[in-house]
Amino acid sequence: MQGFLKRRTFIGAALAGAAVLSAPAFGQGVTLRLSTPATPTDQRSLALTEVFAPAIKDIAKFEPHFNATLFKQGTELEAIARGNLDMSITSAQELATLIPAWSIFTAGYLLRDADHQKKVFASGVMDDLKKMAEDKLGVKLLTVMYLGRRQVNLRTDKEIKTPADMEGVKLRMPGTEAWLFLGKALGANPTPMAFTEVYTGLQTGAIDGQDNPLPTNKDSKFYEVTKQIVLTSHLVDQNYLAISKKVWDKFTPDQQKVLQKAADDAAESGRQKQLKLEAELEQFFKEKGLKVYAPDLDAFRKKVQADYLASKFAKDWPAGLVDKINAVK
Ligand code: KDO
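Residues numbered from 1 in each chain as written. Predicted model: local features only at pLDDT ≥ 70, side-chain atom pairs only at ≥ 80, totals over all residues. Heavy atoms only, no water.

A. Expanded view of the pattern of salt bridges. Going through the model one piece at a time under the given rule, you end up with 20 salt bridges. With a closest N to O distance of 2.6 Å, R150 and D237 form a salt bridge. One end of the pair, R150, is in strand β4 (residues 139-154); the other, D237, is in strand β8 (residues 228-244), and 87 residues separate them in sequence. With a relative accessible area of 2%, D237 lands in the buried category. Its salt-bridge partner being D307, residue K303 comes within 2.6 Å of it at the nearest N-O pair. Highlighted residues: K303 and D307, both in helix α12 (residues 297-309), separated by 4 residues, approximately one helical turn. Look at K303 and you get partly exposed, because its relative accessible area is 29%. Under the relative-accessibility criterion, D307 is labelled partly exposed at 26%. Within this structure, K118, E268 and R271 form a network of salt bridges that share partners. (Salt bridge = Lys/Arg side-chain N within 4 Å of Asp/Glu carboxyl O. Helix = DSSP H or I, 4+ residues; strand = E, 2+ residues; numbered from the N terminus. Buried < 20%, exposed > 50% of the residue type's maximum accessible area, 1.4 Å probe, protein only.)

Right under this line is the structure:
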């Protein structure tokens, strides 16, 4: 009896072991679906299809959906939280709609440049915010993707020197509270609109302008329907490559290393290309007949920073975090 039992136990254990050994690891056959309003030719998208996807091909299939064809702009985080989507390219502005403390990274003239942005993300000063995204939304932020310095791009030709000159300008902003506040801080009359509708909005005159980095203005052909670019550089814009924490946790530690490296490498590749484009494109727009010039940057910086510090958003910012961000060198 004893022997039989022992034998049964042994066989059971052996079978279980075999099942574990022959069961495919989580990664095999897994598809990671990403939704983003970005175009497929945007540098973040190219970095994902050309760098990220091939690097993870042995553990997962990457399936990107561009131009917001799978989920509308701004609904991706909820889709991930509900288990309907695996990945997105999210932003502090989207995170702030669900976790108010995140609004600190929506503030104009806070991050200094692409390098500062990358170092802040890696420095540990954002760890609490990243953890909140994991705990509250089930979203892990893999890496920071540089979108570029946002500039004011108008279909009107009145010269803009200071925020006072922006009075009455219907400036399209993405549709979250934090974005609209930024538009107001710039002195404009902010109008919410999805990214995919901006070209038509400019063409029909539903809006007077929009703000995006120079490479986006070229990629989405906004220069065809606008007359000037005011180099306000009001936001060193950052996006985060986000993945469902539940999905992430199913990968083995080795597979997670592969995913993490692929994400960082893709972000770095996109960042370098975006920086190069930013340096080159002023000339391109001038050749297309647009006026491109710097306004009174001090006037913009002073007003925008003062507006943020006095805003309701600032009350939700973790104590001392602005100083810690400034101190990252
Ligand atoms: C935009 O809607 O203007 C914006 O640039 C905001 C970014 O945070 C990001 O969502 C981006 O659009 C999309 O990825 C499309 O490029």
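So, next bit.
B. Region of the structure containing empty space enclosed by the protein. Overall, the coordinates contain 1 cavity of 30 Å³ or more when judged by the stated rule. Computed from the structure, the largest cavity encloses a volume of approximately 40 Å³. In terms of lining residues, the largest cavity is bounded by Q43, R44, M145, Y146, A267, G270 and R271. Secondary-structure elements contributing two or more residues to the lining of the largest cavity are α2 (43-55), β4 and α11 (253-287). Ranked by the residues each element gives to the lining of the largest cavity, the list is headed by α11, at 3 residues. Classifying every residue of the lining of the largest cavity by side-chain character gives 3 nonpolar, 2 polar and 2 charged. (1 Å grid on protein atoms, 1.4 Å probe; cavity = no way out; pocket = protein on both sides within 12 Å on 5 of 7 lines; lining within 4 Å. Points joined across faces, edges and corners; volume = space filled by probe spheres on them. Nonpolar A, V, L, I, M, F, W, Y, C, P; charged D, E, K, R; others polar.)

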